[in-house]
Amino acid sequence: QVQLVESGGGLVQAGGSLRLSCAASGRTFSSYAMGWFRQAPGKEREFVAAITWSGNTTPYADSVKGRFTISRDNAKNTVYLQMNSLKPEDTAVYYCADRIFNHGSLATIGDYGYWGQGTQVTVSS
């Protein structure tokens, strides 16, 4: 069983920054790809970013490319999402997830089997 706990969300003004963290426990962390997803009210959950176990591959959604950076510290079993130049449309609950299947790309939500409880990010205009 894998446990994922997100933290770092909050309220920020447009143009500001936040850093989300996702602490994992329950298995060997460094062997798996991890992802960040988000869900805004009334919308489906969507891919934000992912990172392979080595950190060498880090795809991003077009909407966050150039503003968000995903990273991981395998020694701390933690994945991070640095979010800069935040916009009101970034407002959502952000979830980290553990990729347990390999059916699609790193953005394929169905390949992620364990999810955190989510952390709210609110960007005011």
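The structure displayed is predicted, hence computed values, not measured ones.

Caption draft 1: Layout of the sheet that holds strand β3 (residues 18-25). Read across the open sheet, the four strands follow the order β1-β3-β7-β6; overall the sheet is antiparallel. Looking at strand neighbours, the two that pair on one side only are β1 (3-7) and β6 (68-73), the edges of this open sheet. The mean inter-strand angle of the sheet, taken between neighbouring strand axes irrespective of direction, is 15 degrees.

Caption draft 2: Region of the structure containing unusual backbone geometry. Backbone geometry at N77 places phi at a positive 55 degrees, although glycine is not the residue there. Its location among the elements puts N77 in the loop between β6 and β7 (78-83). Of the residues examined, N77 reaches a relative accessible area of 24% and is grouped as partly exposed. A positive phi angle, close to 50 degrees, is found at S85, a residue other than glycine. Summarising the element assignment, S85 is placed in the loop between β7 and β8 (92-99).

Rules and cut-offs
Residues numbered from 1 in each chain as written. Predicted model: local features only at pLDDT ≥ 70, side-chain atom pairs only at ≥ 80, totals over all residues. Heavy atoms only, no water. Pairing = 2+ DSSP bridges. Helix = DSSP H or I, 4+ residues; strand = E, 2+ residues; numbered from the N terminus. Axes fitted to C-alpha atoms, helices over the stretch in contact; angles between N-to-C directions. Buried < 20%, exposed > 50% of the residue type's maximum accessible area, 1.4 Å probe, protein only.

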